[in-house]
Every structure is written in C-alpha cells, then in structure tokens.
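Letter by letter, the chains look like this.
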Amino acid sequence: MVSPPARPRYRAVFVSPHLDDAVFSCGGMIARLVREGPVLVLNLFTRYLSEVKVRGVVLGEERYQEEADAARFLGFESRCLGELDVSFRREAYRKLGNIFRPPIAEDRDWLPALRQEVFAALAALDFQQLYVPLGIGWHVDHVLTHQVFESWADRGSLYYYEDAPYCGIPHSTRYRLNELGVYPRDSDDYSLAPINETRAWWQSSAAYANTALMRNLQPWIVRKFAVPVVGFYLYRLMALHRGGLPQRPMKRSLSSQLVSIEEQFDAKVEAMALYCSQFREFFSDRDDCVATLLGYGRSIGPGTGRVERYWQISAA
C-alpha cells in the first residue's frame, strides 16, 4: 500500500491579499520565523487582466518578479492563488470610492467559494501558525481575506496582522478594531486612544495628505484639488465605520502581542523596497519609509518603534 505524500511543513503561513501586503505588514516577523523553519506566503488576489497603473498602484507582470525578489531576500516561499484583483473583478469597483467600502453583493455571494478554495490550499499544508490581515483601511480585498477566516477566529494558531501602510494613518486601526470586538489599551498606546471624532478626522486627513501617494500627484493643481476631495471622502468613510458595524451579534475580545523586530527592521525595509512599483507609490524614499514605520511603532508604546503588533480573538 502506497502511503499518501507527506504534507509540506511550515513554521508559519502568511495569507496576503496582494503581492506585497505580507512583507509590508509582517516583514519583521517573517524574517524572525524563517530562522525556525520554512515560511509560506499565500497571495490571493494576484491576477490582472492588463498591465495598467490605476489609483496610484501598478498592476502588472512586474509584481511577480518583485515578489520573487523579496521572497529570495527574506527566505520565504511564495504561492499565488490567482484570483482577480479588485480593480478587474467587478464593474462597481471601477469607482474608487467603492474600493474602500464594504464588499458589494456579488463579492459577498462569492465569499463561500473563495473560502473553500483557500481552505483547500491550506488543507494540503502542515503549519504551526497562520497570519491573516485585520482589514485595516477597509480595502475590499483585505476585508474579504479577513472574512475568509471568520470561522477560524477562536483557533489559537490564528494571528491577525495590522495592514500596512493603512495602519499608519491615525485612528485607522482603532476604527477597524471597533468593528471586530473589544480590546484592552495600554495608557501609552496613542494609536488606539479615543478622541473627538472631528479631531480624529482632521488628523487622519492631514496624515493622508502628506503621504507619497498624494505628494506624487502631478501637476500641482491636481494635488491641490485632490486634498480636500480626499478629506471629504475620509470624513464620510469614517462616519460609515464609526462605532463599528453590526457584523455579528456577539463581539469577541481581542488581545494584542507586541513583537520587537529590532534585529529584523533593516531587512524588512530592504524587502519592502524590492516591491519597487508599490514602494515608490507609498513612500517618497527609504528614509520616508523608515520614518513612517518608526512613527507608527512609537505611537503604540514607548521604545524604538521597531515593532509589529499582532492580535488574537477568542469568544467573549
């Protein structure tokens, strides 16, 4: 009798909506865990119908080479599920405003099939820990990836990571966590501190206006008019998500784990920079990237800022 082939064993699997999200969000943890065993990054939405640049993001074949370069640099294995990127998947998502709103009906109806496909891929693997996005920033593909694992929320091997660079916008993490459950907050944690909502919107708008994504807009007149438009859009988006959406009858409790990536920080930044098409859209240069990461890290608590934060959920 022939024994079935052994399932590949991994120290951890990181589920990434796109080619770059896992490294941008978890590059330090990936660099740590590859020392303990093989690490796999499973990318979900990696198929494009054409090579285009839309909404400040490049979609095309070069993305695969960037992923391969980052995987080689950090030492992880990369696989692609090959689902269509949101920009090509539904007609409704041709409007930028719908990209960061709740998934439309067609995607909600498709979610069980997506879940089945992802679970089938994971069933063929043996792994100790699984990392999936929180869905900070409400990008449709990130939210869908999070929702795939709603039935796994109580598993001790499941960790949620904070989606970068969205988590770098003030209050974005707090707004998303409010939708998912209840959570403790350290007195030194400014990233989750509740404040007047008008002030929260002002801080978020100011931070977004200062991102490379906005600074890259040319000519200057386009940038000048884009800033107030984006500010108004953020106001409406934050109002939609204020206080949390009634996604489930019982909220869960969340606990956080702050992980020092002091030794892995430089490697994370270098790996992020290998995603050239994405890096230059979100950061002006390497120094801007470092400042963004350190600034957010310091807002979580006192220290160097070279940290990543992960969350787990258990039934309340």
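Here the structure is a predicted model, which is why all the values come from computation and not from measurement.

Definitions and cut-offs
Residues numbered from 1 in each chain as written. Predicted model: local features only at pLDDT ≥ 70, side-chain atom pairs only at ≥ 80, totals over all residues. Heavy atoms only, no water. Helix = DSSP H or I, 4+ residues; strand = E, 2+ residues; numbered from the N terminus. Buried < 20%, exposed > 50% of the residue type's maximum accessible area, 1.4 Å probe, protein only. Contact = heavy atoms within 4.5 Å. Areas by Shrake-Rupley, 256 points an atom, 1.4 Å probe, with all protein chains shown as cover. Phe/Tyr/Trp six-rings, centres within 6.5 Å; stacked < 30°, edge-to-face > 60°. Expected span 1.5 Å × (residues − 1). Bend = angle between axes of the 7 residues up to and from the residue. 1 Å grid on protein atoms, 1.4 Å probe; cavity = no way out; pocket = protein on both sides within 12 Å on 5 of 7 lines; lining within 4 Å. Points joined across faces, edges and corners; volume = space filled by probe spheres on them. Nonpolar A, V, L, I, M, F, W, Y, C, P; charged D, E, K, R; others polar. Arc of directions from axis to C-beta. Pairing = 2+ DSSP bridges. Axes fitted to C-alpha atoms, helices over the stretch in contact; angles between N-to-C directions. Parallel < 35°, antiparallel > 145°, perpendicular 65-115°, else oblique. Left-handed = near helix turned anticlockwise from the far one by under 90°. Right-handed = clockwise from strand over helix to strand, strands pointing away.

## Re the overall build of the protein chain
From N to C terminus, the protein chain includes 13 helices and 10 strands. Looking at the protein chain as a whole, 51% of its 316 residues are labelled buried. Put simply, of all contacts in the protein chain between residues at least 6 apart along the chain, 79% involve residues at least 24 apart. As presented, the protein chain carries roughly 14700 Å² of accessible surface, and 55% of it is formed by carbon and sulfur atoms.

## Considering the packing of aromatic side chains
Across all of its chains, the model carries 16 aromatic pairs by this definition. With a centroid separation of 5.2 Å and an interplanar angle of 45°, the aromatic rings of Phe279 and Phe283 are classed as tilted. Phe283 shares its class with Phe279; the two are buried. Members of the aromatic cluster, connected to one another through ring pairs, are Phe24, Tyr275, Phe279, Phe282 and Phe283.

## Quick word on helix α5 (residues 105-123)
End to end, α5 covers 28 Å across 19 residues, agreeing with the expected 27 Å (1.5 Å per residue, within 8%). Its axis deflected by about 40° at Leu111, α5 carries its strongest bend there, up to four residues before the proline Pro112. For α5, every residue scored as buried is listed here: Asp107, Trp110, Leu111, Leu114, Val118 and Leu122.

## Quick word on empty space enclosed by the protein
Per the stated rule, a full pass over the model turns up 2 cavities of 30 Å³ or more. Each pocket or cavity is described by its volume, and for the largest cavity that value is around 230 Å³. For the largest cavity, the lining is made up of 23 residues, of which Ala164, Cys167, Lys268, Leu293 and Tyr296 are closest to its centre. Mapped onto the lining of the largest cavity, the elements with two or more residues apiece are α1 (21-33), α11 (265-273), α13 (286-300) and β10 (307-314). Class assignment for the residues of the lining of the largest cavity results in 14 nonpolar, 5 polar and 4 charged.

## Focus on α11
Those residues of α11 not exposed but buried are Phe265, Lys268, Val269, Ala271 and Met272. For α11, the angular spread of buried residues about the axis comes to 165°, placing them on one side. Lining the buried residues of α11 we find α1, α2 (62-74), α12 (276-282), α13 and β10.

## Digging into the sheet that holds strand β9 (residues 252-260)
An order of β5-β2-β1-β6-β7-β10-β9-β8 is seen for the 8 strands of this open sheet, with the pairing classed as mixed. In this open sheet, the two edge strands, each paired with only one partner strand, are β5 (77-84) and β8 (181-182). As paired elements, β9 and β10 share 8 bridges and run antiparallel to each other. Following the sheet pairing, Ser253 is matched in β10 by Ser314. Contacting β1 (9-16), β2 (39-47), β6 (126-133) and β7 (158-161), helix α6 (residues 140-148) crosses the sheet at an angle of about 130° to β2.

## Description of the packing of α5 against α6
The contact between α5 and α6 brings their axes to 9 Å, and the two run at 60°. Regarding the angle of α5 to α6, the classification is oblique. In the packing of α5 onto α6, the handedness of the crossing is right-handed. Together, Asp107, Trp110, Leu111, Leu114, Arg115, Val118 and Phe119 of α5 and Val140, Leu144, Gln147 and Val148 of α6 make up the contact between the two elements. Its residues assigned to classes, the contact of α5 with α6 shows 8 nonpolar, 1 polar and 2 charged.

## Comments concerning the environment of Ala68
Tracing the chain through its elements places Ala68 in helix α2. By relative accessible area, which is 30% here, Ala68 ends up partly exposed. It is 9.8 Å that separates the C-alpha atoms of Ala68 and Arg79, two residues lying 11 residues apart in sequence.

## Description of the pairing of β6
Of all 8 residues in β6, 6 are buried; the element is thus mostly enclosed. Sheet analysis places β1 next to β6, joined by 5 bridges and oriented parallel. Bridge pairing in β6 links Val13 to Leu130. Note that β6 and β7 share 4 bridges and pair parallel. Paired with Pro133 across the strands is Tyr161, a residue of β7. Each parallel crossover has a hand, and the one from β6 via α6 to β7 is right-handed.

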